[in-house]
Amino acid sequence: MTELADCPGVRIAGFVPDIKDAYSSAALMVAPIFAGSGTKTKVLEAMAYGVPVVTTGEGVAGLAITPGEHALIGNSDRELVQHARQLLNDPKQAQTIANAARSWVEADHGWPTIGRDFNERLLVLARRAAFT
């Protein structure tokens, strides 16, 4: 990780007391996730804060996003670096991706959607309980 500190434009923050500050100053988020399971909450979090995301297919596994529209996807170190450079060199594209991702998160993971899904599940459980 110390090697990254020598790269121009890279700042290693360490502990961040308020994540909003980190996201508000971020040009993009690179999530080189090559293994794991479950929802990648840091990817969703960056999208929700309006930060463009570069990650792997594994980094968005299980998320109904459109690669190239909501995030740039690369499955090698080289592709991740290329996509990061692409967004850093094209702020308009970075903003377009960030806006699309944020809208998607709000529609798919916002409180209205979560509340509706929760209510629907409760109704199913209540109906099942009524028939037992």
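On a predicted model such as this, the values are computed, not experimentally measured, just so you know. (Residues numbered from 1 in each chain as written. Predicted model: local features only at pLDDT ≥ 70, side-chain atom pairs only at ≥ 80, totals over all residues. Heavy atoms only, no water.)

## Some words on helix α5 (residues 91-109)
Along an α-helix, a turn takes 3.6 residues, which lines up residues three or four apart on a common side. Between its first and last C-alpha, α5 extends 26 Å over 19 residues, near the 27 Å set by a 1.5 Å rise per residue. Those residues of α5 lying buried are Ala 94, Ile 97, Ala 98, Ala 101, Trp 104 and Val 105. Projection of α5 onto a plane perpendicular to its axis shows the buried side chains occupying an angular sector of 130°, all on one side. Exposed residues lying more than 90 degrees from the buried face of α5 are Lys 92 and Ala 107. Residues of α5 that are buried in the fold lie against α3 (41-48), β3 (72-73) and α4 (77-89). (Helix = DSSP H or I, 4+ residues; strand = E, 2+ residues; numbered from the N terminus. Expected span 1.5 Å × (residues − 1). Buried < 20%, exposed > 50% of the residue type's maximum accessible area, 1.4 Å probe, protein only. Arc of directions from axis to C-beta. Contact = heavy atoms within 4.5 Å.)

## So, the nonpolar core
In this structure, Val 43, Met 47, Val 53, Leu 63, Ile 65 and Trp 104 are the most contacted members of the largest nonpolar core, which totals 16 residues. Every element with two or more residues in this core is listed here: β1 (29-31), α3 and α5. For this core, the element with the most residues is α3, which contributes 4 residues. Ignoring anything within four residues of it in the chain, the contact list for Val 43 reads Met 29, Ala 31, Ile 33, Val 53, Thr 55, Gly 59, Val 60 and Leu 63. One finds Leu 28, Val 54, Leu 72 and Leu 87 within the second-largest nonpolar core, a separate group that totals 8 residues. (Core = buried A, V, L, I, M, F, W, Y, C linked by side-chain atoms within 4.5 Å.)

## Here we look at the sheet that holds strand β2 (residues 53-55)
The strand order across the open sheet formed by 3 strands is β1-β2-β3, and the pairing between neighbours is parallel. Looking at strand neighbours, the two that pair on one side only are β1 and β3, the edges of this open sheet. Its contacts with the sheet place α4 against β1, β2 and β3, and it is angled at close to 170° to β2. (Pairing = 2+ DSSP bridges. Axes fitted to C-alpha atoms, helices over the stretch in contact; angles between N-to-C directions.)

## Quick word on the pattern of salt bridges
Tallied over the full model, the rule gives 2 salt bridges. Residue Glu 45 pairs with Lys 42 through a salt bridge whose shortest N-O separation is 3.1 Å. With Glu 45 and Lys 42 both in helix α3 and 3 residues apart, this pair spans about one turn of that helix. Of the residues examined, Glu 45 reaches a relative accessible area of 23% and is grouped as partly exposed. The partly exposed category is assigned to Lys 42, whose relative accessible area is 47%. Here Glu 106 makes a salt bridge to Arg 102, at a shortest N to O gap of 3.0 Å. Residue Glu 106 and its partner Arg 102 are located together in helix α5, separated by 4 residues, close to a single helical turn. (Salt bridge = Lys/Arg side-chain N within 4 Å of Asp/Glu carboxyl O.)

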